[in-house]
Amino acid sequence: MLRFAPSPTGDMHIGNLRAAIFNYILAKQRNERFLLRIEDTDFARNIEGKDKEICSLLTLFGLQWDSLVYQSENFPRHQQFADLLLKQGKAFYCYCSKEFLENKKQEAIDSKRAFRYDDAWAECEKSDGKTPVVRLRGAQKPITYIDNIKGKLEFLPNELDSFVILREDGVPTYNFACACDDMLYDISYVVRGEDHTSNTPKQILIHKALGYDKDIAFAHLPIILNDSGKKMSKRDSASSVAWLLDEGFLPSAISNYLIAMGNHTPCEIFTLEEAIEWFDIAKVAKSPVRFDIAKLRFINHAHLSRLSEDKIALLLESSKQYASQIGALGKIYLEEASTLNELRAKINALLEPKDIGASYEGCDFSKQCEKLFEVLSQVAKNPPSSYEEFKSIAIKQSELKGKEFFKPLRILLTGASHGPDISAMYPHLREILPYILRKK
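Since this is a predicted model, take the numbers as computed values, not measurements. (Residues numbered from 1 in each chain as written. Predicted model: local features only at pLDDT ≥ 70, side-chain atom pairs only at ≥ 80, totals over all residues. Heavy atoms only, no water.)

(A) Seen up close, the overall build of the protein chain. From N to C terminus, the protein chain includes 18 helices and 14 strands. Its C-alpha atoms give the protein chain principal-axis dimensions of about 100 × 45 × 35 Å. Counting the 440 residues in the protein chain, one finds 50% classified as buried. Once local pairs closer than 6 in sequence are excluded, the contacts in the protein chain between residues at least 24 apart make up 75%. Total accessible area on the protein chain stands at roughly 21,400 Å², and carbon and sulfur atoms take up 49% of it. Taken together, the 59 basic and 61 acidic charged side chains of the protein chain have centroids lying 2 Å from each other. (Helix = DSSP H or I, 4+ residues; strand = E, 2+ residues; numbered from the N terminus. Buried < 20%, exposed > 50% of the residue type's maximum accessible area, 1.4 Å probe, protein only. Contact = heavy atoms within 4.5 Å. Areas by Shrake-Rupley, 256 points an atom, 1.4 Å probe, with all protein chains shown as cover. Lys, Arg positive; Asp, Glu negative; His and termini not counted. Charge placed at Lys NZ, Arg CZ, Asp CG, Glu CD.)

(B) Highlighting the side chain of Arg37. The residue Arg37 is located in strand 2 (residues 34-38) in this model. According to the relative accessible area criterion, Arg37 is buried, its value standing at 0%. A polar contact is formed between the side chain of Arg37 and the side chain of Glu39, at a distance of 2.8 Å. Sequence-distant contacts of Arg37, defined by excluding residues within four places in its chain, comprise Arg3, Phe4, Ala5, Pro6, Val69, Gln71, Cys178, Asp181 and Asp182. (Polar contact = N/O pair within 3.5 Å; in protein donor to acceptor, adjacent residues only side chain to side chain.)

(C) Structural detail: the packing of aromatic side chains. Applying the stated criterion across every chain yields a total of 16 aromatic pairs. On the numbers, 6.3 Å between centres and 20° between planes, the contact of Phe92 with Tyr117 is stacked. Taken as a pair, Phe92 in strand 4 (residues 91-94) and Tyr117 in the loop between helix 4 (98-110) and strand 5 (133-136) lie far apart in primary sequence, 25 residues in all. Of the two residues, Phe92 and Tyr117, neither departs from the other in class, the shared state being buried. Ring geometry for Tyr145 versus Phe155: centroids 6.2 Å apart, planes at 5°, classification stacked. In this pair, Tyr145 sits in strand 6 (residues 143-147) while Phe155 sits in strand 7 (residues 151-155), placing the two residues ten residues apart along the sequence. (Phe/Tyr/Trp six-rings, centres within 6.5 Å; stacked < 30°, edge-to-face > 60°.)

(D) Main features of the sheet that holds strand 8 (residues 163-166). Spatial strand order, 4-5-8: three strands in an open sheet with antiparallel pairing. Of all strands in the sheet, those bounded by a partner on one side alone are strand 4 and strand 8. If you compare each strand with its neighbour and ignore which way they point, the axes differ by 45° on average. With three bridges connecting them, strand 5 and strand 8 associate as antiparallel partners. Within strand 8, the residue paired with Arg135 across the bridge is Val164. (Pairing = 2+ DSSP bridges. Axes fitted to C-alpha atoms, helices over the stretch in contact; angles between N-to-C directions.)

(E) The arrangement of the pairing of strand 10 (residues 217-221) in detail. Counting buried residues along strand 10, five of its five residues qualify, which places the element largely inside the surrounding structure. Across the two faces of strand 10 the burial is the same, with Ala217, Ala219 and Leu221 and Phe218 and His220 all buried. The pairing of strand 9 (residues 189-193) with strand 10 spans five bridges and is parallel. Paired with Arg192 across the strands is His220, a residue of strand 10. Read from strand 9 through helix 6 (residues 199-209) to strand 10, the crossover connection turns out right-handed. (Right-handed = clockwise from strand over helix to strand, strands pointing away.)

(F) Region of interest: the packing of helix 14 (residues 366-379) against helix 16 (residues 402-414). For the pair helix 14 and helix 16, interaxial distance at closest approach is 9 Å and the crossing angle is 65°. Comparing the axis directions of helix 14 and helix 16 gives the class roughly perpendicular. Where helix 14 crosses over helix 16, the two elements pack in a sense that is right-handed. Two secondary-structure elements touch here, helix 14 through Gln368, Cys369, Leu372, Phe373 and Leu376 and helix 16 through Glu404, Phe405, Pro408, Leu409, Ile411 and Leu412. (Parallel < 35°, antiparallel > 145°, perpendicular 65-115°, else oblique. Left-handed = near helix turned anticlockwise from the far one by under 90°.)

(G) Here's a closer look at unusual backbone geometry. Phi is positive for Asn31, close to 55°, though the residue is something other than glycine. Here Asn31 shows up in the loop between helix 1 (14-30) and strand 2. A positive phi angle, close to 55°, is found at Asp186, a residue other than glycine. Among the structural elements, Asp186 can be located in the loop between helix 5 (174-184) and strand 9. Judged by relative accessible area, which is 41%, Asp186 ranks as partly exposed.

(H) Broad picture of the pattern of salt bridges. Taken as a whole and assessed by the stated rule, the structure comprises 19 salt bridges. For Arg45, the salt bridge goes to Asp42, with nearest N and O atoms at 3.5 Å. Across the pair Lys295 and Glu268 runs a salt bridge, and its minimum N-O distance is 2.2 Å. Here Glu268 lies in the loop between helix 8 (251-260) and helix 9 (272-278) and Lys295 lies in helix 10 (residues 293-306), a separation of 27 residues in the sequence. (Salt bridge = Lys/Arg side-chain N within 4 Å of Asp/Glu carboxyl O.)

(I) Structural context of the packing of helix 1 against helix 8. Where helix 1 contacts helix 8, the two axes come as close as 10 Å, and the packing angle between them is 85°. When the axis of helix 1 is compared with that of helix 8, the two are roughly perpendicular. Residues Ile14, Leu17, Arg18, Ile21, Phe22 and Ile25 of helix 1 form the contact with helix 8, whose own contacting residues are Ile254, Ser255, Leu258 and Ile259. In terms of residue class, the contact of helix 1 with helix 8 is built from eight nonpolar, one polar and one charged. (Nonpolar A, V, L, I, M, F, W, Y, C, P; charged D, E, K, R; others polar.)

(J) Highlighting the nonpolar core. By size, the foremost hydrophobic cluster in this structure holds 100 residues, and its most contacted members are Ile281 and Phe291. Apart from residues no more than four positions distant in its own chain, Phe291 is found in contact with Ile14, Ile224, Leu225, Asp227, Met232, Ala238, Leu244, Tyr257, Met261 and Leu296. Leu136, Ile143, Ala179 and Leu210 belong to the second-largest nonpolar core, a separate cluster that totals 33 residues. (Core = buried A, V, L, I, M, F, W, Y, C linked by side-chain atoms within 4.5 Å.)

(K) Just the environment of Cys180, in detail. As for its placement among the helices and strands, Cys180 is situated in helix 5. Take Cys180: its relative accessible area is 0%, and that puts it in the buried class.

By themselves, these are just geometric observations and shouldn't be taken as functional.
Structure below.
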């Protein structure tokens, strides 16, 4: 089984979504189950409703899980494993206070040496009524594993001192709960962000202590950088999956970009289903990759262009009455739009009452618009089938020529002074002329 294990503590980051996509693809390629595990052990930071939001986003991106579990439901099993380790002497109680450990860390800093926990400290602050934590004994020999992106990694014993697996309140730490659950659900492959690289040897150490010797495969994805070349954080709007969706990027395009990012792919534009056929995680670059919103816009435009007129009308939430016209016009407007929001803005300008008195390009066309509006209102009652005939009638009856005619015509029909060729739009505009020829 493969798993995606998010925490319900905030908005989903594109790095989290990337890991979810890769785990899903590998599950499909290996014909294994895909587990969604909500890691809700940090009660203080959990945000109500974020678990449902995670589920909704994964569904929107077509990442359908086979099983859904909440990590907190396994607390009794985690505690049983901790008890077993205590009985076997592989774990021990530690009574050190936070203040004591902070002082020891400061001493290490002052001495310019790495801080390492000393097992001899475990009972130096023991007293009646004081609740201890449980620590797993540190490594006695190097821990090595093969990262399918980074290659062979080795961690020496002095880098893996004894660490906490159960807090004072009996709640398991992240590494302990994660390692236990990967064991309980027979996880075969773990794909996650680079920030977990140092957690992996601890989880391997937990497995070894529990006598679990399954060879789990690992791959740690390189970090995603922002425009400044720094790690993307919550302060970067584009790091939020919800923000990208709100900006009008399609789930299919976002998936396409995240799969292609820092990767060797056989083609530039593809779907998730197509990627399952050829994806190879070994081809993902080891080095960090910079998030390029311009590239995402290009990919998004390509995915919008692949959509049918009916699908575009549906995404633009057009009324059934005008769906066919809006879908066709949306296709035409893709000449100058790369996101749903940009497309929606152009369609809305076309459908809304026109501000005839507004200034366009610093020029006032209000008088010409008023004059042409009266003419077009009559023509719209029985519009000719061809644009050339429509244009000839409008020019003749309005007595406007050149820019004095064409600018007001575009403003009245589309609500903008620039746009696609009116002649290409006319067959679809013709059917809704009475509706779009309205003024504020």
